[in-house]
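Each chain is listed here by its residues.
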Amino acid sequence: MSKQRVSTRTMAVIGMFSAVSFIAVLIGRIVPTVAGFLSYDPKDAVVVIAGFILGPLASVAISVIVSFIEMITISATGPYGFIMNIVSTCAFAVPAAWFYRKHHSQKGAVLGLSLGVVVLVICMVIWNYVITPFYMGVPRAVVAGMLTTVFAPFNLAKGGINAALSLLLYRPIVGSLRKAGLVEESKSSHKKSFSAGFTLFAAAVLVTFALLLMALMGIL
């Protein structure tokens, strides 16, 4: 297969994942917010799956594309929201995709996603402390008081949910793309499908962090 065809195919897959990611953002619009302005959406799960398939740079590209489209269409936070969306998604997806590319296994996926959640929480605590006072128009001391009570638990719940969704959806998605000829068969010897036990584990993680998010929303 020529390099031009591979490049075209990769661009097509990135475009497809970008479209699905934006739909995920729209879905997030119907979910209640945390603290009146923090909103959950499953976009990052889509972006990290693309990174698992195409590599970390694909996650970066999709993050920038979708964040820009969001900024010029439905976002009310302008450039601040654009920057924060890119940082948030890349902090989660890039470490996870990088680790999974190095350790292409179920264990590698779990550890990579766990790494992504940790990096996400740390990065967003720092970036919210720096950026949030500007677009919220509040003193930095107010934001500082929210770091451990709002921002850290919200991003932990968000990252945990998207990590679990990634584990549950990766195999079906990559399988469909391979059948469509958009993704090559893996050269790795790791071709074992996720076991029922692994699926139950991912589902348990999903429920756990969903309950945390609901608690932060005031639903529970």
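Each remark here, short or long, concerns the structure printed above.
Below or above, wherever it landed, is the structure these notes cover. (Residues numbered from 1 in each chain as written. Predicted model: local features only at pLDDT ≥ 70, side-chain atom pairs only at ≥ 80, totals over all residues. Heavy atoms only, no water.)

1. A few points about the packing of aromatic side chains
Phase 1: Within the structure shown, the criterion is met by nine aromatic pairs.
Phase 2: Ring geometry for F52 and Y100: centres 4.3 Å apart, planes at 25°, overall stacked. Of the two residues, F52 is situated in helix 2 (residues 43–54) and Y100 in helix 4 (residues 78–102); the sequence distance between them amounts to 48 residues.
Phase 3: Residue F52 is classed as buried on the basis of its relative accessible area, which comes to 3%.
Phase 4: Ring geometry for Y100 versus Y170: centroids 5.7 Å apart, planes at 75°, classification edge-to-face. Highlighted residues: Y100 in helix 4 and Y170 in helix 7 (residues 147–179), separated in sequence by 70 residues. The exposure classification of Y100 matches that of Y170, with both residues buried.
Phase 5: Through a chain of ring-to-ring contacts, three or more aromatic side chains come together here, namely F52, Y100 and Y170.
Phase 6: The ring of Y129 carries R140 above its face, with NZ or CZ at 5.3 Å from the centroid. (Phe/Tyr/Trp six-rings, centres within 6.5 Å; stacked < 30°, edge-to-face > 60°. Helix = DSSP H or I, 4+ residues; strand = E, 2+ residues; numbered from the N terminus. Buried < 20%, exposed > 50% of the residue type's maximum accessible area, 1.4 Å probe, protein only. Lys NZ or Arg CZ within 6 Å of the ring centre and 35° of its normal.)

2. Some thoughts on the pattern of salt bridges
Phase 1: The tally for this structure, following the rule as stated, stands at one salt bridge.
Phase 2: Note that D44 is salt-bridged to K158, the shortest N-O span being 4.0 Å. One end of the pair, D44, is in helix 2; the other, K158, is in helix 7, with 114 residues separating them in the sequence.
Phase 3: What makes D44 buried here is its relative accessible area of 1%. (Salt bridge = Lys/Arg side-chain N within 4 Å of Asp/Glu carboxyl O.)

3. With respect to helix 4
Phase 1: Compared with an ideal rise of 1.5 Å per residue, which puts 25 residues at 36 Å, helix 4 spans 36 Å between its outermost C-alpha atoms and is within 8% of the ideal.
Phase 2: The sharpest bend along helix 4 measures roughly 30° and falls at C90. (Expected span 1.5 Å × (residues − 1). Bend = angle between axes of the 7 residues up to and from the residue.)

4. Structural notes on the packing of helix 7 against helix 8 (residues 196–217)
Phase 1: Interhelical geometry of helix 7 versus helix 8 gives an angle of 155° and a closest axis separation of 8 Å. Between helix 7 and helix 8, the angle is such that the two are roughly antiparallel. The element helix 7 and its partner helix 8 pack so that their crossing is left-handed. On helix 8, the residues that touch P153, F154, L156, A157, G160, I161, A164, L165, L167 and L168 of helix 7 are F198, T199, F201, A202, A203, V205, L206, F209, A210, L212, L213 and L216. (Axes fitted to C-alpha atoms, helices over the stretch in contact; angles between N-to-C directions. Parallel < 35°, antiparallel > 145°, perpendicular 65-115°, else oblique. Left-handed = near helix turned anticlockwise from the far one by under 90°. Contact = heavy atoms within 4.5 Å.)

Treat this as a map of the structure, not an account of what it does.
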